[in-house]
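Results of the structural survey
Each chain, written out:
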Protein chains: 2
Amino acid sequence: MDGTRTLGRRERLRIETTAEIKAVAMDLMAEGGPGAISLRAIARQMGMTPNAIYAYFATRDDLVTTLISDVYTGLADATDAALDAAPPGDAAALIRAWGGAFRTWALAHPQGFRLIYSEAVPGYLSPEGGAGAEAEARFCLGLTRIAVTAWPHARHLHPDDFTWDDFETELLAPIREIFPGLTPTALALTLRIWGHLHGIVSLEVYGHLRAPAATLDKIYNAELAQLIRSLGIDP
Amino acid sequence: MDGTRTLGRRERLRIETTAEIKAVAMDLMAEGGPGAISLRAIARQMGMTPNAIYAYFATRDDLVTTLISDVYTGLADATDAALDAAPPGDAAALIRAWGGAFRTWALAHPQGFRLIYSEAVPGYLSPEGGAGAEAEARFCLGLTRIAVTAWPHARHLHPDDFTWDDFETELLAPIREIFPGLTPTALALTLRIWGHLHGIVSLEVYGHLRAPAATLDKIYNAELAQLIRSLGIDP
DNA sequence: GCGGAAACTATACGGCATGAATTTTATGTG
DNA sequence: CACATAAAATTCATGCCGTATAGTTTCCGC
């Protein structure tokens, strides 16, 4: 029995309209930034009354939360796919794949980047735990995998300053289950690497790095190269 | 003759009111974030009509631009002061001073950090060249000074991949005048270091780094320590 | 074919930035 | 001191925004 078979015209329409609302919202965001997402603009675009949207999303914030989740999922999909396409044991290749996918995605979806990382929607308050929490966890898990893969080469280069007490156990448990070889210092390193790449890409996306595009490519490649070196991996 | 002596009551009041508008706007931002900056809220707080503010700032965006400039100036003052208080030739001390001042300022002024780095004001569009451009230049100049100071130790650790052609000359000229010893690769390194620290602090300010405050301190200190090591400086 | 739910519209309220016109207020000058 | 003038502030209006409430249409399952 096919589950979708039982969908009546009603629920099919509902799904399609929901998708259209999100698609129009994404379009508005793509040109105009996250702040351009408004129920009235979406309704105008769709030839509807603003209030009709309330049949699909309880509030504008609910819609934005869904968008953040979708967009972050897209980012996590991109980095995961890059990781899957790289040779699993080759830490340098994993770094180049993940790092490249991250920046490529960010430059292709600058407004999406702003949406998920800078609360750029006027009155929006993200729900507890954050909007794209699940996707963000998956996104970071990829980076953690890299750190775990590289750790045998890297551990002697980094002072072993951290213990598991430095992290909150409820967040920790699922990660340690997936990566039994993870150490506290490797986790701290993971967060720092995240920061490095996030920072460079973030400055680039927001236009603070006033250099030609080709130079920004070189700078990011230099960053990845030094990251690989700093993890004690042979080029 | 004292220049301020010639100020009449009128201009003194104007200056005071302008200052009060900015102060109230800062207060609103401190509790409620950059998005809470609204002319009506400011006017309410001051017991005025919203339109009265137009006598002091042409538009809300003008006010925001001024605020960004003020806030960024505060950040640049903080990092400059830290740099001035450190032993000039000691690159490791400069890094710890600058990096520490940067993060300390960001944690003390999280909403200011959001204001200057993430365009979090609803419909705000920053003018050409960016709002806090002068302060940002000064802020980056401090970091450049560190890179220049450390470069003799660091240069053999970094492949010399960059040339002056990689950067735009009009932005470059004033910097090269201040730092005759600056090389293109050192400048690229400066931007990358900016990215590293910006990214870690940014993730922390936005709550993406879900770890206890003490751990975040340790992570940042580990970052500064590794930065010093990666520049070939003895501890 | 009929009851009820889902989808949608109409109207309204309060908040926002801002423009134009107007009144109030203070200043410098005759 | 009185008055013209410019600055400061108010009032009124327009057009955005989210969203609450109430009413209407449409379609599905029984």
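Before reading further, recall that the structure is shown in the block above.
For the structure given in this document, a descriptive report is provided here.

Here is what the cut-offs are and how they apply
Residues numbered from 1 in each chain as written. Chains lettered and ligands numbered in written order. Predicted model: local features only at pLDDT ≥ 70, side-chain atom pairs only at ≥ 80, totals over all residues. Heavy atoms only, no water. Helix = DSSP H or I, 4+ residues; strand = E, 2+ residues; numbered from the N terminus. Buried < 20%, exposed > 50% of the residue type's maximum accessible area, 1.4 Å probe, protein only. Contact = heavy atoms within 4.5 Å. Areas by Shrake-Rupley, 256 points an atom, 1.4 Å probe, with all protein chains shown as cover. Lys, Arg positive; Asp, Glu negative; His and termini not counted. Charge placed at Lys NZ, Arg CZ, Asp CG, Glu CD. Buried area = accessible area lost by both parts, 1.4 Å probe. Salt bridge = Lys/Arg side-chain N within 4 Å of Asp/Glu carboxyl O. Polar contact = N/O pair within 3.5 Å; in protein donor to acceptor, adjacent residues only side chain to side chain. Nonpolar A, V, L, I, M, F, W, Y, C, P; charged D, E, K, R; others polar. Near = heavy atom within 4 Å. Least-squares fit on C-alpha atoms with pLDDT ≥ 70 in both. Core = buried A, V, L, I, M, F, W, Y, C linked by side-chain atoms within 4.5 Å.

Secondary structure summary: chain A contains 9 helices and 0 strands in total. Each helix (α) and strand (β) of chain A, taken in turn from the N terminus, gives the series α-α-α-α-α-α-α-α-α. Along the first, second and third principal axes, the C-alpha atoms of chain A reach 60 × 50 × 35 Å. Scored against the burial criterion, the 235 residues of chain A give a buried share of 50%. The contacts in chain A between residues at least 6 apart in sequence include a share of 73% that link residues at least 24 apart. Entry remark: accessible area of chain A is about 11,100 Å², with carbon and sulfur atoms responsible for 55%. Positive and negative side-chain charges of chain A, numbering 20 and 28 respectively, have mean locations separated by a distance of 7 Å.

For the rest of this paragraph, the subject is the interface of chain A and chain B. With 43 residues of chain A at the contact, the number on the chain B side is 43 residues. Taken together, both faces of the contact between chain A and chain B bury some 4,000 Å²; the carbon and sulfur share is 58%. When the area that chain A buries against chain B is broken down by residue, the three leading residues are R192, H208 and R210 of chain A, summing to 15%. Linking chain A to chain B there are 6 salt bridges. The partner of E223 of chain B in a salt bridge is R192 of chain A, and the shortest N-O contact between them spans 2.8 Å. Linking chain A with chain B are 19 residue pairs in polar contact (both at pLDDT 80 or more), by the criterion used here. Within the side of chain A that touches chain B, the residues separate by chemical class into 19 nonpolar, 13 polar and 11 charged.

A few words on the protein's contact with DNA strand D. Taken together, 17 residues lie around DNA strand D, and R40, R44 and N51 of chain A together with T49 and N51 of chain B are the ones closest in. A distance of 3.2 Å separates a phosphate oxygen of DNA strand D from a polar atom in the side chain of S38 of chain A. Between DNA strand D and the protein, one listed contact pairs a phosphate oxygen with a backbone N or O atom of R60 of chain A at 2.7 Å. Every element with two or more residues in the surface near DNA strand D is listed here: α1 (9-30) and α2 (39-46) of chain A together with α1 (9-30) of chain B. Broken down by element, the residue count for the surface near DNA strand D peaks at 3 residues, all from α2 of chain A. Residue classes in the surface near DNA strand D are distributed as 5 nonpolar, 5 polar and 7 charged.

All right, on to unusual backbone geometry then. All names here are of chain A. One non-glycine residue, E119, adopts positive backbone phi at about 45°. Tracing the backbone shows E119 in the loop between α5 (110-117) and α6 (133-154). The exposure class of E119 is partly exposed, given its relative accessible area of 39%.

Our next topic: the relation of the copies chain A and chain B. Of the two same-sequence chains, chain A is brought onto chain B (RMSD 0.1 Å, axial shift 0.1 Å) by a rotation of 180°. Between the two chains, the operation in question is that of a two-fold axis. Of all interface residues in chain A, 100% are interface residues in chain B too; the two copies therefore contact each other through one and the same surface.

Moving on to the side chain of R60 of chain B. Residues and elements named next belong to chain B. Topologically, R60 is positioned in helix α3 (residues 60-85). Within polar-contact distance, the side chain of R60 engages the side chain of D61 at 3.1 Å. Apart from residues no more than four positions distant in its own chain, R60 is found in contact with I37, L39, V121, P122, G123 and Y124.

Time to look at the nonpolar core. Judged by nonpolar contacts, the single largest core of 80 residues is most densely connected at I42, F102, F113, L115, F139 and W194 of chain B. Per-element accounting of this core gives the leading share, 11 residues, to helix α8 (residues 184-205) of chain B. Setting aside residues up to four positions removed in sequence, L115 of chain B forms contacts with M29, P34, I37, V64, L67, I68, V71 and V121 of chain B. Among the nonpolar cores identified, the runner-up in size contains 79 residues, and A91, W105, F162 and A186 of chain A belong to it.

What follows deals with the environment of L189 of chain A. Residue and element names in this part refer to chain A. One can find L189 in helix α8 (residues 184-205). Distance from L189 to I68, taken between C-alpha atoms, is 27 Å for residues 121 residues apart in sequence. Once residues within four sequence positions are removed from consideration, L189 is found in contact with W151, H158 and L231.

To continue, consider α5 of chain A. Each full turn of the α-helix corresponds to 3.6 residues, which orients residues three or four apart in the same direction. Within α5 of chain A, 7 of the 8 residues are buried, which leaves it mostly tucked inside the rest of the structure. Along α5 of chain A, the residues classified as buried are Q111, G112, F113, R114, L115, I116 and Y117 of chain A.

Our next topic: the environment of A81 of chain A. Here A81 of chain A is to be found in helix α3 (residues 60-85). Taking the relative accessible area as the measure of exposure, A81 of chain A reaches 45% and is therefore partly exposed.

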